[in-house]
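Results of the structural survey
The primary structure of each chain is shown beneath.
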Amino acid sequence: MGIVVASPEFHGAERLQAFLTYVVEESLAGRGERIRAKTIVEDVYERSPGKGRDPMAVVRVDAGRLRRRLKDYYNGSGAGSTLQIHIDAGGYAPRFEHLDPFEHELPHAAPPSADTQLRRVLVVAGGIAALFALGWFVVGQTFNSARLTKDERRADDVREALFNTSPAKLQAANLAEQSRALLFPALDPERLTLVLALFKRAIELDPDYFGGYAGSAQTLATLAITSPPGPHREELEARAAQRAERALELGPAEGWSHSASALVAMAGKNYDAALAQSSRALVLSPEDVWVRNVDALIALFSGEFERAIQSAEIDGQQASIGDRFPHRNVIASAKFHLGHYGEAIKWYNEAAREGDPISAISVAYLAAAQQRLGETEAAVGMLELMEKAWPGFPIETLFLSLFRDKGHALEITSALEEAASAHRSPAPPR
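Rules used in this analysis
- Residues numbered from 1 in each chain as written.
- Predicted model: local features only at pLDDT ≥ 70, side-chain atom pairs only at ≥ 80, totals over all residues.
- Heavy atoms only, no water.
- Helix = DSSP H or I, 4+ residues; strand = E, 2+ residues; numbered from the N terminus.
- Buried < 20%, exposed > 50% of the residue type's maximum accessible area, 1.4 Å probe, protein only.
- Contact = heavy atoms within 4.5 Å.
- Core = buried A, V, L, I, M, F, W, Y, C linked by side-chain atoms within 4.5 Å.
- pLDDT = per-residue confidence, 0-100.

1. A word on the overall build of the chain
Each helix and strand counted, the chain has 21 helices and two strands in total. For the chain, the residues scored as buried account for 48% of the 430 residues in total. Put simply, of all contacts in the chain between residues at least 6 apart along the chain, 62% involve residues at least 24 apart.

As structure tokens, then:
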């Protein structure tokens, strides 16, 4: 996106630059459905929607101007772009279009080789990385620094120092930090593959920045955790361990480094080490919501349900509105294992309303909680929805792989089996 707003087509259009930056970053952070004229008025123009000469109308006019500028850009200096941004009429959330440069290689050719597939992934990842390339300058001018917290102002100072030292280092730090927001939901291997490419790009920009390695380690560990046992999973675990070790070498006092190492330990079934390393990460970075999220997840699958709830509740206090963290799902899951099924359902429903990440895991938990409360019909409905969204998903295998205590996995899967059996059984004669 930095390339787009710096193009001749956007020269001198600061407000449109800020508009485009805002909607793209909100969308990439998982808040695209929240983009409205009202939020643009408040966050970009820093006005109250109820004051002045209909500021909402200004947004509509600017959106039209932005669509024309984007069209001019892709017909002009951005004609070779493989990832295009569109703002469709009737809304303000961006739509991203990937133009595959390899689709015309050979008519009726054989399926693409692994190298070609990898190039395609990197092209897409490179396009996403370009969206992140704007950096702090335009955003810093758009938003009022008086509203920033002390920690956020300190982070801004660090970014400014990095920029003055090396713009590439700043870009690497920005890219790694922003890529953390794409890790959830964590059961989409294609998404994780793209995120992994982004962290790889951060490492290429600054091989001495710990964050690229920490993020890469977490992504590889997540891919390993969600993969079946075998050589592929073992390879992922080994690569994750290497990246985590490098992150600790470069950032031994950084909570993110230790949090990544904790997740790698969990992938390797070393739950005690994972809990200890995650505790160390919390001591080093108590305000890092990502570190706290990882701790909540590790505690949940280690069977430390009270700790999982505590970390997740603190997450909820620290997170900003619209952040796509799984803390409500973690609380709901822990409540399930503590036998508080009604509370679990309440938390799952709240997570859905708030736009938290949704996965087969959360839907399975919700169905199990409904079954335990005797709401078999609702549980069966959830199972049918899960099968439509994730057909053939190996939910039982995944739960058995995730939990330290297999009994905790069976608490869920047995409830699901009861619901499925009740659905298959014929109704008793009257």
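2. Points about unusual backbone geometry
Backbone geometry at Lys269 places phi at a positive 70 degrees, although glycine is not the residue there. Residue placement: Lys269 occurs in the loop between α12 (255-267) and α13 (271-284).

3. A closer look at the nonpolar core
Counting residues in hydrophobic clusters, the biggest one holds 83 residues, and the most contacted among them are Met266, Ile298, Tyr365, Phe399, Leu402, Phe403 and Ile412. In this structure, Leu402 is in contact with Ile225, Met266, Lys269, Tyr271, Phe301 and Ile361, ignoring residues within four places of it in sequence. Of all hydrophobic cores here, the second largest spans 27 residues; its members include Phe19, Val23, Ile35 and Ala63.

4. Some thoughts on the side chain of Ser7
Position of Ser7 relative to the elements: it lies in the loop between α1 (2-5) and α2 (14-28). With near-sequence residues (within four places) excluded, Ser7 lies in contact with Tyr73 and Ser77.

5. Quick notes on the confidence of the model for the chain
Residues of the chain with pLDDT of at least 70 account for 77%, and the chain-wide mean is 80. Note on residues 101-126: pLDDT under 50 across the span, and 21 contacts to partners over four residues away in sequence or across chains. Across residues 128-154 the pLDDT falls below 50, and counting only partners more than four positions away or on other chains, this stretch makes 51 contacts in the model.

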